[in-house]
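Below are the chains, spelled out letter by letter.
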Amino acid sequence: MQGQTPMRKTLLLSLNGLYIGAIGTLPIALGFWVYIPWQRLHYPPVYFVYSSALLFGSDLLLLIAIGADLGLRALSKTPRIRWPHGSILFLIGLSAWAALSAAWSLEPRLSLYTSLHLLGISGLALSLSERPSAWRPLSLGCFLGILCQTALAAAESLAQSTAFLEPLGMEWPGRLDPSVPGAAVIALPKGQRWLRAYGTLPHPNLLGLYLLGLAAAPAAWSLRGGRWAFAGQTGIGLAALGLGMSFSRAAWLGFGAALLWLLAASHLPIGRRMALALLGAGGLLAVACAFAPQTVVRITGGGSPLEVRSILERQWLMEQALRQITAHPLLGIGAGTFPLALRERLPPGYRPEPVHHVGALITAELGLPGAMLGLGVAGAFLRSMRRGTSPEACALTASLLGLLVVSILDHPLWTLAPARALGACLLGAWAGQLQADEGPPRLHRRTLDWPGGARRRIPDWASPASPGRLPSHPNEE
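The following refers to the structure shown. (Residues numbered from 1 in each chain as written. Predicted model: local features only at pLDDT ≥ 70, side-chain atom pairs only at ≥ 80, totals over all residues. Heavy atoms only, no water.)

Notes on the overall build of the protein
Logical step 1: For the protein, the helix and strand inventory stands at 16 helices and six strands.
Logical step 2: For the protein, the C-alpha radius of gyration of 22 Å lies close to 23 Å, the compact-globule estimate for 477 residues.
Logical step 3: Principal axes of the C-alpha set define a box for the protein whose edges measure 70 × 55 × 45 Å.
Logical step 4: With 477 residues in all, the protein has 59% of them scored as buried.
Logical step 5: The long-range share in the protein, meaning contacts at least 24 apart out of those at least 6 apart in sequence, stands at 74%.
Logical step 6: A total of about 19,000 Å² of accessible surface is found on the protein, and carbon and sulfur atoms cover 67% of it. (Helix = DSSP H or I, 4+ residues; strand = E, 2+ residues; numbered from the N terminus. Rg over C-alpha atoms; globule rule 2.2 N^0.38 Å. Buried < 20%, exposed > 50% of the residue type's maximum accessible area, 1.4 Å probe, protein only. Contact = heavy atoms within 4.5 Å. Areas by Shrake-Rupley, 256 points an atom, 1.4 Å probe, with all protein chains shown as cover.)

Side note on the packing of aromatic side chains
Logical step 1: For the coordinates displayed, the defined rule picks out 18 aromatic pairs.
Logical step 2: Considering the side-chain rings of Phe143 and Trp221, the 5.3 Å spacing of their centres and the 40° angle between planes classify their relative orientation as tilted. With a gap of 78 residues between them, Phe143 in helix H5 (residues 135–159) and Trp221 in helix H7 (residues 216–224) connect regions that are remote in the sequence. Summarising the burial analysis for this pair, Phe143 and Trp221 share the class buried.
Logical step 3: Grouped by ring-pair contacts, the aromatic residues Trp33, Tyr35, Tyr47, Phe48, Tyr50, Phe56 and Trp172 constitute a single cluster.
Logical step 4: A cation sits over an aromatic face here: Arg40 above Phe48, 4.4 Å from the ring centre.
Logical step 5: Residue placement shows Arg131 over the ring face of Tyr19; its charged tip is 4.9 Å from the ring centre. (Phe/Tyr/Trp six-rings, centres within 6.5 Å; stacked < 30°, edge-to-face > 60°. Lys NZ or Arg CZ within 6 Å of the ring centre and 35° of its normal.)

Here we look at helix H3 (residues 86–100)
Logical step 1: Its 15 residues give H3 an end-to-end C-alpha distance of 21 Å, which sits within 8% of 21 Å, the value for a rise of 1.5 Å per residue.
Logical step 2: Structurally, H3 contributes buried residues whose contacts are with helix H4 (108–129), helix H13 (358–383), helix H15 (412–415) and helix H16 (417–438). (Expected span 1.5 Å × (residues − 1).)

Side note on the pairing of strand S2 (residues 52–56)
Logical step 1: Most of S2 sits inside the fold, with five of its five residues counted as buried.
Logical step 2: Side-chain alternation along S2 places Ser52, Leu54 and Phe56 on one buried face and Ala53 and Leu55 on a second face that is also buried.
Logical step 3: Relative to S2, strand S1 (residues 35–40) runs antiparallel, the two being bridged by five bridges. Paired with Ile36 across the bridge in S2 is Leu55. (Pairing = 2+ DSSP bridges.)

As for a nonpolar patch on the surface
Logical step 1: Nonpolar side chains collect at one region of the surface, where Ile36, Leu60 and Leu63 lie side by side and expose about 270 Å² of accessible area between them.
Logical step 2: Residue position: Leu60 is located in helix H2 (residues 57–75).
Logical step 3: A relative accessible area of 38% means that Leu60 is categorised as partly exposed. (Patch = residues over 30% accessible without salt bridge, like charges linked within 9 Å, V, L, I, M, F, W, Y side chains within 5 Å. Salt bridge = Lys/Arg side-chain N within 4 Å of Asp/Glu carboxyl O.)

Considerations on the packing of helix H9 (residues 249–263) against helix H10 (residues 270–290)
Logical step 1: For the pair H9 and H10, the least separation of the axes is 9 Å and the interaxial angle reads 165°. By the angle class used here, H9 and H10 are roughly antiparallel. The handedness of the crossing between H9 and H10 comes out as left-handed. On H10, the residues touching Trp252, Phe255, Leu259, Leu262 and Leu263 of H9 are Arg273, Met274, Leu276, Ala277, Gly280, Ala281 and Leu284.
Logical step 2: Grouping the constituent residues of the contact of H9 with H10 by class yields 10 nonpolar, one polar and one charged. (Axes fitted to C-alpha atoms, helices over the stretch in contact; angles between N-to-C directions. Parallel < 35°, antiparallel > 145°, perpendicular 65-115°, else oblique. Left-handed = near helix turned anticlockwise from the far one by under 90°. Nonpolar A, V, L, I, M, F, W, Y, C, P; charged D, E, K, R; others polar.)

As for the environment of Leu54
Logical step 1: You can see Leu54 is positioned in strand S2.
Logical step 2: In the structure, Leu54 is positioned 196 residues away from Ala250 in sequence and 26 Å away in space, judged by C-alpha atoms.
Logical step 3: For Leu54, the residues in contact, after removing those within four places along its chain, are Tyr35, Ile36, Pro37, Trp38, Phe48, Val49, Asp59 and Tyr113.

What about the side chain of Ser246?
Logical step 1: Counting through the fold element by element, Ser246 comes out in helix H8 (residues 229–246).
Logical step 2: Judged by its relative accessible area of 0%, Ser246 is buried.

Notes on the nonpolar core
Logical step 1: Core analysis: the largest hydrophobic core is formed by 124 residues, its most contacted members being Phe56, Trp135, Leu262, Phe338, Leu366, Trp414 and Trp430.
Logical step 2: When residues in this core are grouped by element, the largest group, 12 residues, is from H16.
Logical step 3: Non-local contacts of Trp414, meaning those with residues more than four positions away in its chain, are made with Leu94, Leu118, Val358, Leu361, Ile362, Glu365, Leu366 and Arg420.
Logical step 4: One finds Leu176, Ala184, Leu195 and Tyr198 within the second-largest nonpolar core, a separate group that totals six residues. (Core = buried A, V, L, I, M, F, W, Y, C linked by side-chain atoms within 4.5 Å.)

Describing helix H6 (residues 204–214)
Logical step 1: A large share of H6 lies buried, amounting to 11 of its 11 residues.
Logical step 2: Residues Pro204, Asn205, Leu206, Leu207, Gly208, Leu209, Tyr210, Leu211, Leu212, Gly213 and Leu214 constitute the buried set of H6.

With respect to the state of the cysteines
Logical step 1: Scanning the entire structure with this criterion turns up zero disulfides.
Logical step 2: No disulfide involves Cys148; its nearest neighbouring cysteine sulfur is the one of Cys142, lying 13 Å away.
Logical step 3: In this structure Cys394 is a free cysteine whose sulfur lies 17 Å from that of Cys142, the closest cysteine sulfur available. (Disulfide = S-S within 2.5 Å.)

Structural notes on unusual backbone geometry
Logical step 1: Looking along the chain, the bond that leaves Pro44 and enters Pro45 is cis, with omega of 5°.
Logical step 2: Topologically, Pro45 is positioned in the loop between S1 and S2.
Logical step 3: Here Trp172 and Pro173 are connected by a cis peptide whose omega angle stands at 0°.
Logical step 4: With respect to the helices and strands, the residue Pro173 is situated in the loop between H5 and strand S3 (185–187).
Logical step 5: We note that Gln160 has phi near 55°; this positive angle belongs to a residue other than glycine.
Logical step 6: The backbone of Phe247 sits at a positive phi, close to 55°, despite the residue not being glycine.
Logical step 7: Here Phe247 lies in the loop between H8 and H9.

Brief notes about the pattern of salt bridges
Logical step 1: Taken as a whole and assessed by the stated rule, the structure comprises 10 salt bridges.
Logical step 2: Residue Arg73 pairs with Glu130 through a salt bridge whose shortest N-O separation is 2.3 Å. Of this pair, Arg73 sits in helix H2 while Glu130 sits in the loop between H4 and H5, and the two are 57 residues apart along the sequence. One exposure class covers both Arg73 and Glu130, and it is buried.
Logical step 3: One salt bridge connects Arg298 with Glu307, and the closest N-O pair in it is separated by 3.2 Å. In this structure, Arg298 and Glu307 share a single accessibility class: buried.
Logical step 4: Taken together, the shared-partner salt bridges connect Asp69, Arg73, Glu130 and Arg131 into one network.

This is how it looks when you write it as structure tokens:
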């Protein structure tokens, strides 16, 4: 910071604090879906979330972080952006193609909204990829998010009601109990209905997705060892408990894939990997034992009419996706418009919602070019999975792999803004940790204590690799 004027120092400190605050708060905000409607587009019976332009609280934090990043670049006179990781480049390309799809979309306004949000999360991912040091506040926010949502999930499961959340004044999850029509319940063999845990999210499947993504932070702390290891182990156990109480089968499979990936990371200490796997599996097993009848029904179906109907609905939605792909193979029907295309052909009792497969959904909405760009995002990630060697990179790889599994079985990572932001946040942090592991040798490096007690080397605060980063540890200078 030598040679800087007092005014510039103050601005750098302020913008850096704003950036850290926005990034650290973002994981918590992703669990509270507070929104401002930009434009409500009425397409009954499509649920308004799928047919409206909404600005969520997490979107405001995203914009604040991007604005602070740009300000830091300007003040530190390092505006150059490094060549992004391939997955982020393909995500930017997907944003551009989604914007072009407005020209032939069933609802151009919805396609433009989707493309703008995709562009925003691309900017967030790009910013995080160039700031490996942002992992510290981000991981703390993830840990706090896990604590909050798991505690609420446990209270909901025991009380079989979300009524105690009413003082928060939030639209979701609303006042629910097993008797409420439309609530996500498990139908037990003797006719009882059991309410699944929502946290503060609109659906239990979203709670499972949220906890799966945020589990990267405690996993990294646990694998790193040191003074943060116990907090990491606690966080993994709590995330597994909350994920189990969501009874989201897709999230269960994604979490299992993440644990298997971490077990296979042979360059990390075997004791830490085993402890992590045992805590994760133990949390799920504890829920399975405490709620054995519910677990059996979710795994086997148990002849439950609700489970049978869910399977039939998903099959029908996949058939409709294939129909749209066949009818519009090159351009699709426009980003974000799949539910709108179903309104005229709904069977009795069915809902016009997105197909539960992100690949099929992108192909139906954006045609073959969109499918290729989407495959590019996933392919670039899969090609680089083994590049990261640090505990942070491995933990983020595991969570992203879990989200990739979920994307084969559910749609929120494409259709819902906070879920998209979660995925981009983890993708950017992962790319940043790859950079920290491989760090360009030409840049001056400093040493910094990270959560877990380990000393890691990161770019100097004024370097192009991390423009405008100010010392975040009292002993760094």
